[in-house]
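Structural description and commentary
One letter stands for each residue in the lines below.
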Amino acid sequence: MRVDVRKTYKLFIAGGFPRSESGRSYPVADTSGKVVARAAAASRKDLRDAVRAARGAQPGWAGRTGYNRGQILYRIAEMVEDRADTFVSQLRVGGRTRAQARREVERSVDRLVWYAGWGDKFVQVVGNMNPVQGDFFNISTPEPTGVVGIIAPEEPALLGLVSRVAPVIISGNTAVVLASERLPLPAVTFAEALATADVPAGVVNILTGPKDRLIPYLASHRDCNAIDAWGHGWEGLAEIEAAAADSVTRVVRPPRTVDWTNERLAQSPYMIADFVEIKTVWHPKGL
Amino acid sequence: MTTPAPLTLPVLGTHVTPQALRAYLEATPPVDEVAVHERVAALATRSIKRETKRYALDLAVRMTDLTTLEGRDTPGKVRQLAAKARRPDPTDPSIPPVAALCVYPAMVPAAVDALRGSGVKVAAVATYFPSGQAPLEVKLADTRAALAAGADEIDMVIDRGAFLAGDHMKVYEEIVAVREVCGSAHLKVILETGELVTFDNVRKASMLAMAAGADFIKTSTGKVAPAATRPVTLVMLEAIRDFAELTGIGVGMKPAGGIRTAKDAIRYLVLLYETLGSAWMTPDRFRFGASSLLNDLLMQIRWVRTGVYQRPDDFTKD
């Protein structure tokens, strides 16, 4: 008789897959309550390491061309597609039927490809040549805001994660993601897709574990430039905003309700614009 | 192993013979390298709880020799660094000043001027830092110039070439000569352990430097990799302990180069405490030669006080 070789689900920090610094893990149960796996329970020190990795990776990632970031996002889509069966079985843990799970994976791939296309285009849409009185050109261009903390939604575990990570990183931000706590397995597999998709180490860091304990440290972390609260919802948002305000960290509020499957509501170039800073330069005209 | 012959101190007297020096150095027991690494690794896992950590961070700031040793150093940069040495965190007067500012001799006047009345010492690297490959007169002149400009402390380098060639007598005599020039000024002797290759050499060089009158022994110039490591520091701390037992003289220790994080600094303090005890937990007997370490210490202090993770950009670079 052969003993199964089961996968240890770990964190994704700086391009590597460490266990939690705390050594802790927590059970992941399916809808019937049966424990199907144990996932790493990230501690605040793992969060600290992840932010440091994201900060270190940010200038290099932002320094690439938008075109290249688009190519890499497309590559992520390829890697997700390639792991479709794994994602389907992991999404079924959350109660999806096979067909529903398959559809979620397809939507996730499509969303990545959609944002990949914006890589070399959103600057033209968000930036502008502004009309001013006087002998000057006045040009506004978006620049990535820096390190973004993303609170991914509990569900959909894969589509929600992808829908928020893609617009954040396409402009040159790096991300620290708190994955779905109840259904963390697709996030870990997504990390494996990232690791094989030429995404530089540290650009996306994914933590699984107790969100409630991590969020206060993420929100107050002074080296985090923005928090994406789409996956968090409105309950408790005030605390996040209060903690973030001390270091003037931008908090991107969620809409009242989110329909993740709706292409008109859950993907938009303006979601890229939520995580950029507009830089305006004046340039003299004429000779 | 031969039992060390009883020695009187100054260990070797003023008219030391090469034979006496050799006998003294040969009495140094060899270092068990595996044991050193094991002990360092074991002590690195020690958990430092909050109150202790607060104290250690504060102590590490007070023990820092804030250093700039670059060809592009200017009086302006030295003044900037001096301001940081006086008040490491401009927004928080409760953070103590550092121990000293460590600069090249040419920068000593600027440092002295900027630190007057602050209690922060001015340390100058001298003796043809960092190579030490110059005639003795040049080294002594270098030292005299630094002292004349107002340096309180001299960080000298040993002649590693002579040491490795086995000419211990030359190394010894040079340190003695610099010691004489220094007079009451504080003398730190840099062994440049990265070039001494073995722990046995480090230990021998430590014993040699202490016998020649060093107030401090220091690991590295910071110009050679590896610079300070915890294993090499442990070897030197043990040499200091042996020397103290032999002579009753407490020599100080200064690891320098490559110590960048507060966590690492605290691990050095654990080594220090476990090897030499609380009598050495003072800036008079232990220093960190570092530049970027200070910012990490400040960040950690603020983290411990506020519970909020800090941003490196909030702290001045120089």
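Residues numbered from 1 in each chain as written. Chains lettered and ligands numbered in written order. Predicted model: local features only at pLDDT ≥ 70, side-chain atom pairs only at ≥ 80, totals over all residues. Heavy atoms only, no water.

1. Examining the overall build of chain A
Scanning chain A from N- to C-terminus turns up 11 helices and 10 strands. For chain A, the C-alpha radius of gyration of 19 Å lies close to 19 Å, the compact-globule estimate for 287 residues. Summarising its shape, the C-alpha atoms of chain A cover approximately 85 × 40 × 35 Å along the three principal directions. Sorting the 287 residues of chain A into buried and exposed places 51% on the buried side. Put simply, 76% of the contacts in chain A that link residues at least 6 apart link residues at least 24 apart. Accessible surface computed for chain A: about 13200 Å², of which carbon and sulfur atoms make up 51%. Where the 36 positive side-chain charges of chain A centre and where its 31 negative ones centre are 3 Å apart. (Helix = DSSP H or I, 4+ residues; strand = E, 2+ residues; numbered from the N terminus. Rg over C-alpha atoms; globule rule 2.2 N^0.38 Å. Buried < 20%, exposed > 50% of the residue type's maximum accessible area, 1.4 Å probe, protein only. Contact = heavy atoms within 4.5 Å. Areas by Shrake-Rupley, 256 points an atom, 1.4 Å probe, with all protein chains shown as cover. Lys, Arg positive; Asp, Glu negative; His and termini not counted. Charge placed at Lys NZ, Arg CZ, Asp CG, Glu CD.)

2. Digging into the packing of aromatic side chains
Under the definition given, this model contains 11 aromatic pairs over all chains. Ring centres of Trp114(A) and Trp118(A) lie 5.8 Å apart, and the angle between their planes is 65°; this geometry places the pair in the edge-to-face category. Taken as a pair, Trp114(A) and Trp118(A) lie in helix α4 (residues 98-118) at a separation of four residues, close to a single helical turn. Considering the side-chain rings of Trp303(B) and Tyr309(B), the 4.1 Å spacing of their centres and the 10° angle between planes classify their relative orientation as stacked. Here Trp303(B) matches Tyr309(B) in class, with each residue buried. Through pairs of rings, three or more aromatic residues link up here, namely Trp114(A), Tyr115(A) and Trp118(A). Arg256(A) extends its terminal NZ or CZ atom over the ring of Trp234(A), reaching a point 3.9 Å from the ring centre. Above the ring of Phe137(A), the side-chain terminus of Lys285(A) is found at 5.8 Å from the ring centroid. (Phe/Tyr/Trp six-rings, centres within 6.5 Å; stacked < 30°, edge-to-face > 60°. Lys NZ or Arg CZ within 6 Å of the ring centre and 35° of its normal.)

3. Points about the interface of chain A and chain B
Contact residues are listed per partner, giving nine residues for chain A and 10 residues for chain B. Surface buried jointly by chain A and chain B totals about 930 Å² across both partners, of which 48% is contributed by carbon and sulfur atoms. Our enumeration of links across chain A and chain B arrives at one salt bridge. A salt bridge links Arg222(A) to Asp314(B); the nearest nitrogen and oxygen atoms lie 2.7 Å apart. The tally of links from chain A across to chain B stands at four residue pairs in polar contact (both at pLDDT 80 or more). Of all elements in the fold, only α1 (44-63) and α8 (211-220) of chain A reach the threshold of two or more residues within the side of chain A that touches chain B. With three residues, α1(A) is the single largest residue contributor to the side of chain A that touches chain B. Residues of the side of chain A that touches chain B, tallied by class, amount to one nonpolar, three polar and five charged. (Buried area = accessible area lost by both parts, 1.4 Å probe. Salt bridge = Lys/Arg side-chain N within 4 Å of Asp/Glu carboxyl O. Polar contact = N/O pair within 3.5 Å; in protein donor to acceptor, adjacent residues only side chain to side chain. Nonpolar A, V, L, I, M, F, W, Y, C, P; charged D, E, K, R; others polar.)

4. Some remarks on the pattern of salt bridges
Residue and element names in this part refer to chain B. Applying the stated criterion across every chain yields a total of 39 salt bridges over all chains. The salt bridge partner of Asp 65 is Lys 188, with a shortest N-O separation of 3.0 Å. A residue pair is termed long-range when its members are at least 10 positions apart, and Asp 65 in strand β1 (residues 64-67) and Lys 188 in strand β5 (residues 186-190) qualify at 123 residues. Here Arg 160 makes a salt bridge to Glu 195, at a shortest N to O gap of 2.8 Å. With Arg 160 in helix α7 (residues 160-164) and Glu 195 in helix α9 (residues 193-196), the pair connects residues that are 35 residues apart, well separated along the chain. Assessed through its relative accessible area of 29%, Glu 195 is described here as partly exposed. Via salt bridges that share partners, Asp 65, Glu 153, Asp 155, Lys 188, Lys 218, Lys 254 and Arg 287 belong to a single interconnected network.

5. Some thoughts on a positive patch on the surface
A cluster of like positive charges, contributed by Lys45(A), Arg52(A), Lys49(B) and Lys263(B), occupies part of the molecular surface. Checked against the element boundaries, Lys49(B) lands in the loop between α2 (33-44) and α3 (50-62). Classification of Lys49(B) as exposed rests on a relative accessible area of 56%. (Patch = residues over 30% accessible without salt bridge, like charges linked within 9 Å, V, L, I, M, F, W, Y side chains within 5 Å.)

6. Focus: the environment of Thr86(A)
Residue and element names in this part refer to chain A. As for its placement among the helices and strands, Thr 86 is situated in helix α3 (residues 84-92). The class of Thr 86 is partly exposed, set by a relative accessible area of 33%. As for Thr 86 and Ser 247, which are separated by 161 residues in sequence, their C-alpha atoms are 40 Å apart.

7. Re helix α1 (residues 18-26) of chain B
Working note: α-helix, 3.6 residues per turn, so residues spaced by three or four point in the same direction. All names here are of chain B. The set of residues buried in α1 consists of Leu 21, Tyr 24 and Leu 25. Within α1, the buried residues cover an arc of 95° as seen down the axis, which keeps them to one side. Turned more than 90 degrees away from the buried face of α1 sit Gln 19 and Glu 26, all of them exposed. Buried-residue contacts for α1 involve α8 (168-182), α10 (199-211) and α11 (230-247). (Arc of directions from axis to C-beta.)

8. Structural notes on the confidence of the model for chain B
Summarising the model, chain B shows a mean pLDDT of 92, and 95% of its residues fall at 70 or more. Across residues 1-9 of chain B, where pLDDT falls below 50, the model places nine contacts with residues more than four positions away in sequence or in other chains. (pLDDT = per-residue confidence, 0-100.)

9. As for the environment of Asp212(A)
Residues and elements named next belong to chain A. The residue Asp 212 is located in helix α8 in this model. The exposure class of Asp 212 is exposed, given its relative accessible area of 67%. Sequence separation between Asp 212 and Glu 181 is 31 residues, and the spatial gap between their C-alpha atoms is 9.6 Å.

10. Digging into the nonpolar core
Judged by nonpolar contacts, the single largest core of 102 residues is most densely connected at Leu101(B), Ile154(B), Ile175(B), Val189(B), Leu269(B), Leu272(B) and Phe288(B). The element contributing the most residues to this core is helix α12 (residues 262-276) of chain B, with nine residues. Those residues in contact with Leu101(B) that sit more than four places away from it in its chain are Leu66(B), Val78(B), Leu81(B), Ala82(B), Ala111(B), Leu115(B), Val120(B), Lys121(B), Val122(B) and Ala123(B). With 57 residues, the next largest nonpolar core counts Ala101(A), Phe122(A), Val162(A) and Ala193(A) among its residues. (Core = buried A, V, L, I, M, F, W, Y, C linked by side-chain atoms within 4.5 Å.)

11. Side note on the pairing of strand β5 (residues 147-151) of chain A
All names here are of chain A. Most of β5 sits inside the fold, with five of its five residues counted as buried. Side-chain alternation along β5 places Val 147, Gly 149 and Ile 151 on one buried face and Val 148 and Ile 150 on a second face that is also buried. For β5 and strand β6 (residues 174-178), the ladder comprises five bridges, and the chain directions are parallel. Among the inter-strand pairings, Val 147 is bridged to a residue of β6, identified as Thr 174. Regarding the hand of the β-α-β motif, the stretch spanning β5, helix α6 (residues 159-170) and β6 is right-handed. Here β5 pairs with strand β8 (residues 226-228) via three bridges, running parallel. Paired with Ile 150 across the two strands is Asp 228, which belongs to β8. (Pairing = 2+ DSSP bridges. Right-handed = clockwise from strand over helix to strand, strands pointing away.)

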